[in-house]
Amino acid sequence: MTREEKQQYLLLLNERFKRESRSDLLHFTMYTMPTFRPADFHKHYYSKLTEFADGKVKKLMVFIPPQHGKSEGSTRRLPSFLLGKDPNKRIAIVSYNSPKARKFNREIQRVIDTPEYRDLFPNSIIGKQKVEGGESKGGNYIRTSEECEMVGYQGGFKTVGVGGALTGEPVDILIMDDLYKDAMSAWSPTIRGNVSDWYDTVADTRLHNESQQLIVFTRWHEDDLAGRLLREEGVFDEIDNPNGWEVIIYRALKEGKPTKDDPRKEGEALWEERHSREKLEASRKRNPQVFNSLYQQDPKPSEGLMYELGFREYSTVPIDETVTRKCYVDTADTGLDYLCAIIYDETKAGNYILDVFYTQKPMEYTEPTLSQMLTKWNVQKCIIESNNGGRGFARNVEKQTRELGNTKTSFKWFNQNQNKQVRIFTHSADVQNLTFFPIGWIHLFSEFAKDILGYLKSGKNAHDDAPDCLTGTVEQRKQTNRKINLNKISRLV
């Protein structure tokens, strides 16, 4: 090959690289950041972000251990790549505070200012940007550390900290990166509440039907924003839950067998060159609970959970001639407590949960609602704890139930005089062995599920109403049903 032929060949390779960089985020990152050396998992990560950029994924969560390059792809390169492809996109980027958000803003500006970026997307220019020849364009367009506008187009990007405003235009793409600064922030109920409130009252109000959302952070707590949204909106399924979230999890150390998305062998490090298995195992040894949250993206403190074995799910209640449809009700002791009512089929095999009523609303709401539920489900027996006004509540519910024409449901109220914590603890194994929830129950009964699955054996629990009521359903079982053969359960998933 002659020298001219080699030059022509290199030119062709460069043109090919440029074409690929206009349509693929990984190539774009390597073109605009020549020092970038992607690990194997980065290729999968950037491929998923490219699908997001192409509009193939509407709601995406990505959980990655710290210092594994998550923000480079999601928050520095992705916004500039999106605006190169479509300068009319209106992007909002959110982080845990304003200084961090402004830092992301400056880094995105630097990407767009590079000659490599202009080589790929010459029409995507932000306000007051110097172009070839030193000329400055877009003098009348905004370019600050909080907001930048695209010259000649409707798009641009805003960066804010949690608690900041997103006034003005609607948001086409919302990117949330590290909404919690550290463990202390994520473990604070107040800060978690502030983040959730901000999302509900600010971020979500700027979204429209076609908006996309990307959440990228390290999991610190099971009740962080991602955990809450997954409980309430569920995981994406094209048929059963098209509005759910697609979730990608990268664990620092591989668990389980190799898969298509993660071909590592069990125990292999995600990025051995930067964070070796030896280093990670040392971190795990120092603090297993923190390691499981930070590096394995499993924020549940499983060793301290009351119901650490979890619960089985069913698709169809097995046939049982002795089945009794019951409702167990634990009324709220104080204004901050929950009323909990569980409707279930009691069979020889166990209790099959049908519906859950879990609320902090007053009796004016709970009495008629529970009456309607008892009627709807044709409940045979309703058992109500009569402590702290429970007897009056029971009488009112019975009266309203009869007014609905329901003469089938019988009512029984009793005074619960045993210690609540002791009951929950001593019956925890029975509760796990004898309780079956419908498929998808964590999404169906999200608040109830949170208080059940997060209930700790020791330490402070915010609410114990859910486990208390679930314990009651097992305590009410007939003595003849105590000894069962779980192997005979039929038609379970």
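Conventions and cut-offs
Residues numbered from 1 in each chain as written. Predicted model: local features only at pLDDT ≥ 70, side-chain atom pairs only at ≥ 80, totals over all residues. Heavy atoms only, no water. Helix = DSSP H or I, 4+ residues; strand = E, 2+ residues; numbered from the N terminus. Contact = heavy atoms within 4.5 Å. Areas by Shrake-Rupley, 256 points an atom, 1.4 Å probe, with all protein chains shown as cover. Phe/Tyr/Trp six-rings, centres within 6.5 Å; stacked < 30°, edge-to-face > 60°. Lys NZ or Arg CZ within 6 Å of the ring centre and 35° of its normal. Expected span 1.5 Å × (residues − 1). Buried < 20%, exposed > 50% of the residue type's maximum accessible area, 1.4 Å probe, protein only. Pairing = 2+ DSSP bridges. Axes fitted to C-alpha atoms, helices over the stretch in contact; angles between N-to-C directions. Core = buried A, V, L, I, M, F, W, Y, C linked by side-chain atoms within 4.5 Å.

Undergrad: What is the right way to look at the overall build of the chain in this model?
TA: Helix and strand counts for the chain stand at 18 helices and 16 strands. Overall, the chain is about 90 × 50 × 40 Å in size when its C-alpha atoms are taken along their principal axes. A sequence separation of at least 24 residues applies to 70% of the contacts in the chain between residues at least 6 apart. For the chain, the accessible area works out to roughly 24,500 Å², and carbon and sulfur atoms hold 49% of it.

Undergrad: What exactly am I supposed to notice about the side chain of asparagine 241 here?
TA: One can find asparagine 241 in the loop between α9 (225-233) and β9 (246-249). Discounting chain neighbours no more than four positions away, the residues touching asparagine 241 are Glu233, Gly234, Val235 and Phe236.

Undergrad: What's the story with the packing of aromatic side chains in this structure? I'm lost.
TA: A ring pair, where both rings are aromatic, is described by two values, the distance of the centres and the angle of the planes. This model, assessed by the stated rule, comprises 24 aromatic pairs. One aromatic cluster is present, formed by Tyr307, Phe311, Tyr338, Tyr358, Phe437, Trp441 and Phe448 through successive ring pairs. Arginine 219 extends its terminal NZ or CZ atom over the ring of phenylalanine 63, reaching a point 5.1 Å from the ring centre. Positioned above the aromatic ring of tyrosine 365, the side-chain terminus of lysine 361 is 4.3 Å from the ring centre.

Undergrad: How do you make sense of helix α3 (residues 40-53) when you look at a structure like this?
TA: Note that an α-helix has 3.6 residues per turn; residues three or four places apart therefore point the same way. The end-to-end C-alpha distance of α3, which contains 14 residues, comes to 20 Å, matching closely the 20 Å that a straight helix rising 1.5 Å per residue would cover. Of the surrounding secondary structure, the elements contacted by the buried residues of α3 are α2 (25-32), β1 (59-63), α4 (70-85), β7 (171-177), β8 (207-217) and β9.

Undergrad: What should I look at first to understand the environment of glutamate 268 in this one?
TA: Assignment of secondary structure puts glutamate 268 in the loop between β9 and α10 (277-286). With a relative accessible area of 34%, glutamate 268 lands in the partly exposed category. Once residues within four sequence positions are removed from consideration, glutamate 268 is found in contact with Ala252, Leu253 and Lys254.

Undergrad: Would you mind showing me how to read the sheet that holds strand β11 (residues 324-330) here?
TA: Strand pairing in a sheet takes place through backbone hydrogen bonds and is either antiparallel or parallel in direction. Across the sheet, which stays open at both edges, the 7 strands sit in the order β10-β16-β13-β12-β11-β14-β15 with mixed pairing between neighbours. Since the sheet does not close on itself, it has two edges, and those belong to β10 (312-314) and β15 (410-414), each with one partner. When the angles between neighbouring strand axes are averaged without regard to direction, this sheet yields 30°. Both strand β14 (residues 381-385) and β15 contribute to a ladder of 5 bridges, which runs parallel. Among the inter-strand pairings, glutamate 385 is bridged to a residue of β15, identified as phenylalanine 414. Contacts from helix α12 (residues 363-376) reach β11, β12 (339-346), β13 (351-359), β14 and β15 within the one sheet, and its direction differs from that of β13 by about 160°.

Undergrad: In this structure, what is going on with the nonpolar core? I would like to understand it.
TA: General note: in soluble globular proteins, nonpolar side chains tend to be found buried as a group. In terms of nonpolar packing, the biggest core is built from 40 residues, with Val62, Leu78, Phe157 and Leu214 touching the most fellow members. When residues in this core are grouped by element, the largest group, 6 residues, is from α3. If sequence neighbours within four positions are ignored, valine 62 has contacts with Tyr45, Leu214, Ile215, Val216, Phe217, Ile248 and Tyr250.

It is worth stressing that arrangement in space is one thing and function is another; only the former is reported here.
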